[in-house]
Amino acid sequence: MGKILIKPEVCIGCHLCEIWCVVAHSRTKDILKAFLLEKPAAISRVIVEERLPVTFALQCRHCSEPDCVFACISGALYKDSASGRVIHDPEKCVGCYSCVLVCPYGGIIIDQENKKVTKCDLCEGFEKPYCVSHCPNGALVYADQEKGGV
Amino acid sequence: MYSYLLPEFAIERKTERCIKCRVCERQCPVGGHKYDPDFDAMFSYEEVCVGCQRCAVFCPTGALCVQPHSSQYRLNYSWSREKLQDLKKQAETGGVILTGSGNDKPYKVYWDHLVLNASQVTNPSIDPLREPMELKTFLGKKPDSLEIDLNKEGFEIKSELNPNKMIELPVAFSAMSYGAISYQAFLSLAMAAKEIGTLFNTGEGGLPLEMREKYGGNAVVQCASGRFGVDSEYFNCASIVEIKIGQGAKPGIGGHLPGEKVSFNVARNRMIPEGTDALSPAPQHDIYSIEDLSMLIYALKEVTNYTKPISVKIAAVNHVAAIASGIVRAGADIIAIDGIRGGTGSAPKIIRDNIGIPLELALAAIDKRLRDEGIRNKCSVIAAGGFRCSGDVLKAIALGADAVYIGTSALVAMGCTLCQKCYTGKCSWGVCTQDPYLSKRLNPEIASVKLVNLLRSWEHEIKEMLGGMGINAIESIRGNRDHLRGVGLEGWELDVLGVKGAGE
């Protein structure tokens, strides 16, 4: 499994990672349609934390011992042993937000519209997470552990 | 006072493409874009826009177009829009108008009136991809004659040699200080210079302690009129020591780094209190003559134990050839000559736009004068000021330069768009600012790769051009004006340049 490394020293706080996360999780994968046409619009699973001048983009850390999984009352969150990802199954999610309470990073995003949560899935199906490939300043780095990364 | 100024730029927003992501708002350091939650719409404030194009480049949907504002006064060839705006600006402020970057006025760019030669029929051209091509350049004093001792093992050079610095290609980064540019930009230049095997120049801002061991071998350290950041370790960690007399963008005047830009680290490097203005006097107050210059040159040679070439950088002005001759006789190993299009982080606009002479003429005059006096070997000549491409570089070398300094080209490679607002400290590209929120926009890992790419591409192009001329070493074109021809130049210009007109 890969991991997204965060480099706050070069994060410029542009929030383009959030924009492209929305596109990656939209139906059409087209930026104009994702924002102007799709209803409801997809939700960004990455959040840029800001206390200027410090900014950095934060998404689920896919912890090895994930508190959110232990706290999940419905079994919607689980750690996939094969890929190492922490996966969220919206079908099972009951919107109790226990995971939101326990996540030490704020990596679980509330989906107000559907009264559920959502979170980073490392852009399954893409070669690299969209936030990483679209960061204009190299502030997000995808380290693929299988290929000798961190 | 109500301002009568017209906006310089127009911001066009294609609303059908705008997704209100507010990237433009966050990227603009002067507040040119604002999101209004009541209208749920983005608005532009054109009066503050400097045309840096940061928003247009970062807009993920291509919804923005920033272009010169179409509002015009009545067309007048004498009283241009710029002249009128400047008058109004001065009427409103009572101050000297500041600007950044190099001279943007339509003085003749001689590079655009010089063309290079190529081989046809009578001599073969060379394919640099198949045959070796030498761009190595040695900077420093060369001996008057070379005495060698032939023996069984080969040969031994008997003449005493002076310290020289070898660079892999005749292009180095010109003086841009940490303080004028951001630490990130400064570090990027150092990283690229090391990777390529050329030089970067510290300007008058000192060399940060943590960079000395790793990058000192690629550093030209400056000793300028403010003597900021100067001590013996600073000189001894570097490859070349440069005495800065003048700068092409502002000949005859000093520098002024405003206190707002003197952050803790800048202050530490310059050895001045944090937040105080760093004032570089107009002259070096211990140099009022060639004899005084000689004393400083030899003081620096003493301090570095005669192990490093000493360079003297001057702006191109009247009688530059005679001045250069004096500098060589004062003991300088390198002369750096900065022409009227040389850049700056801050200069009075009236000085930048009106003082100095074009580099091309100055360079040709200096090379000719030093040859005529038989002292050309005693120094290397580095040309600086407005090199835009490898063609300009090769033409300069054919005119007699040993190497060139590039400043603006390097900054543009890192992101600069020549908006000329360097002096405000609000560079949106993170190049010319000390604001930590802005300077981190320049990632040295990315910027240094861009600089390396730039130099590598110029290296390839220079080799291709040399090959076309049937030349396999940069030494063979140095001062070889027979490979240049002038187009659209008058007789006196051809005389000063020492080149024939095309067709001759």
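Criteria and cut-off values
Residues numbered from 1 in each chain as written. Chains lettered and ligands numbered in written order. Predicted model: local features only at pLDDT ≥ 70, side-chain atom pairs only at ≥ 80, totals over all residues. Helix = DSSP H or I, 4+ residues; strand = E, 2+ residues; numbered from the N terminus. Rg over C-alpha atoms; globule rule 2.2 N^0.38 Å. Buried ≥ 20, exposed ≤ 12 C-beta atoms within 10 Å, placed from the backbone. Contact = placed C-beta atoms within 7 Å. Nonpolar A, V, L, I, M, F, W, Y, C, P; charged D, E, K, R; others polar. Pairing = 2+ DSSP bridges. Axes fitted to C-alpha atoms, helices over the stretch in contact; angles between N-to-C directions. Domains from an automatic or database assignment. Expected span 1.5 Å × (residues − 1). Right-handed = clockwise from strand over helix to strand, strands pointing away. Parallel < 35°, antiparallel > 145°, perpendicular 65-115°, else oblique. Left-handed = near helix turned anticlockwise from the far one by under 90°.

Some thoughts on the overall build of chain B
Argument step 1. In terms of helices and strands, chain B carries 16 helices and 23 strands.
Argument step 2. Radius of gyration (C-alpha) of chain B: 24 Å, near the 23 Å computed for a compact globule of 504 residues.
Argument step 3. Principal-axis analysis of the C-alpha atoms gives chain B an extent of 90 × 60 × 45 Å.
Argument step 4. When each of the 504 residues of chain B is scored for burial, the buried share is 49%.
Argument step 5. Looking at chain B alone, contacts between residues at least 24 apart form 69% of all its contacts between residues at least 6 apart.

Details of the environment of A:A143
Argument step 1. Examined against the element boundaries, A:A143 turns out to sit in strand β8 (residues 140-144).
Argument step 2. For the pair A:A143 and A:L5, spaced 138 residues apart in sequence, the C-alpha separation works out to 7.0 Å.

Here's the deal with the interface of chain B and chain A
Argument step 1. Counting from both sides, the interface comprises 16 residues of chain B and, opposite them, 17 residues of chain A.
Argument step 2. Looking at the side of chain B that touches chain A, the elements that each hand over two or more residues are α1 (23-27), α14 (436-439) and α15 (444-468) of chain B.
Argument step 3. If you tally residues by element for the side of chain B that touches chain A, the top one is α1(B), at three residues.
Argument step 4. Looking at side-chain class alone, the side of chain B that touches chain A contains eight nonpolar, three polar and five charged residues.

Focus: the sheet that holds strand β21 (residues 403-406) of chain B
All names here are of chain B.
Argument step 1. Taken in spatial order, the eight strands of this open sheet run β11-β21-β20-β18-β17-β14-β13-β12, and their pairing is parallel. Strands with a single pairing partner mark the edges of an open sheet, and in this sheet they are β11 (171-173) and β12 (200-201).
Argument step 2. The pairing of strand β18 (residues 334-338) with strand β20 (residues 380-384) spans five bridges and is classified as parallel. What sits directly across from A336, in β20, is I382.
Argument step 3. Together, β13 (219-223), β14 (240-244) and β17 (310-315) form the strand contacts of helix α8 (residues 290-303), whose direction differs from that of β17 by roughly 145°.

Quick look at the domain arrangement of chain A
Residue and element names in this part refer to chain A.
Argument step 1. By the assigned domains, chain A splits into domain 1 (1-59 + 124-142) and domain 2 (62-119).
Argument step 2. A C-alpha centroid distance of 19 Å is found between domain 1 and domain 2.
Argument step 3. Listed per partner, the contact involves eight residues of domain 1 and 12 residues of domain 2.
Argument step 4. Taken together, the residues that form the side of domain 1 that touches domain 2 break down as five nonpolar, one polar and two charged.

Observations concerning the domain arrangement of chain B
All names here are of chain B.
Argument step 1. Looking at the assigned domains, one finds that chain B contains domain 1 (9-95) and domain 2 (166-501).
Argument step 2. Taking the mean C-alpha position of each, domain 1 and domain 2 sit 33 Å from one another.
Argument step 3. Counting residues at the interface gives nine residues for domain 1 and seven residues for domain 2.
Argument step 4. Partitioned by chemical class, the residues of the side of domain 1 that touches domain 2 number five nonpolar, three polar and one charged.

Section: the sheet that holds strand β22 (residues 484-486) of chain B
Residue and element names in this part refer to chain B.
Argument step 1. Reading across from one edge, β6-β22-β23 is the order of the three strands in this open sheet, with mixed pairing throughout. The sheet is open, and its two edges are formed by β6 (114-116) and β23 (500-501), each paired on a single side.
Argument step 2. In the sheet, β22 pairs with β23 via two bridges, with the strands oriented parallel. The partner of G486 across the bridge, within β23, is G501.

Examining helix α12 (residues 390-399) of chain B
Residue and element names in this part refer to chain B.
Argument step 1. Most of α12 sits out of view: nine of its 10 residues are buried.
Argument step 2. Listing the buried residues of α12 in full gives S390, D392, V393, L394, K395, A396, I397, A398 and L399.
Argument step 3. Where α12 terminates, the next one or two residues include G400, which has phi positive at roughly 125°.

Some points on α15(B)
The α-helix advances 3.6 residues per turn, and as a result positions three or four apart in sequence lie on the same side.
Argument step 1. Look at α15(B): 36 Å from first C-alpha to last across 25 residues, which is about the 36 Å you get at 1.5 Å a residue.
Argument step 2. Of the residues trailing α15(B), B:G470 is marked for its positive phi of about 80°.

A short note on the pairing of β21(B)
Residue and element names in this part refer to chain B.
Argument step 1. Because side chains alternate across β21, one face comprises the buried residues A403 and Y405, and the other comprises V404 and I406, equally buried.
Argument step 2. Bridging between β20 and β21 involves three bridges; their strand directions are parallel. Note that in β21 the partner of A384 across the bridge is Y405.
Argument step 3. Handedness of the crossover joining β20 and β21 through α12 is recorded here as right-handed.

Let's talk about unusual backbone geometry
Argument step 1. Cis geometry is adopted by the peptide bond preceding A:P40, which originates at A:K39 and carries an omega value of -5°.
Argument step 2. Of note, A:P40 is situated in the loop between α2 (31-36) and β2 (47-51).
Argument step 3. That bond from A:L52 to A:P53 is cis: its omega, 5°, falls within 30 degrees of zero.
Argument step 4. One can find A:P53 in the loop between β2 and β3 (54-58).
Argument step 5. Positive phi is not limited to glycine here, since B:K20 has a value of about 55°.

Quick look at the pairing of β18(B)
The two faces of a sheet get side chains in turn, since along a regular strand they alternate between them.
All names here are of chain B.
Argument step 1. For β18, a buried count of five out of five residues is recorded, marking the element as mostly surrounded by other parts of the structure.
Argument step 2. The two faces of β18 match: I334, A336 and D338 on one face and I335 and I337 on the other face are all buried.
Argument step 3. Bridge count for β17 against β18 is five bridges, and the pairing is parallel. Bridge pairing in β18 places V312 opposite I335.
Argument step 4. The parallel pair β17 and β18 is bridged by helix α9 (residues 320-329), and the resulting crossover is right-handed.

Some points on the packing of helix α4 (residues 183-196) of chain B against α15(B)
Residues and elements named next belong to chain B.
Argument step 1. Following both chains from N to C, one finds α4 and α15 inclined at 45°, their axes separated by 8 Å at the closest point. Looking at the two axes, α4 sits oblique to α15. In the crossing of α4 with α15, the sense of the turn from one axis to the other is right-handed. Along its contact with α4, which presents Q184, A185, L187, S188, L189, M191, A192, E195 and I196, the element α15 presents P444, A447, S448, L451, V452 and L455.
Argument step 2. Looking at the contact of α4 with α15 residue by residue, the classes come out as 11 nonpolar, three polar and one charged.

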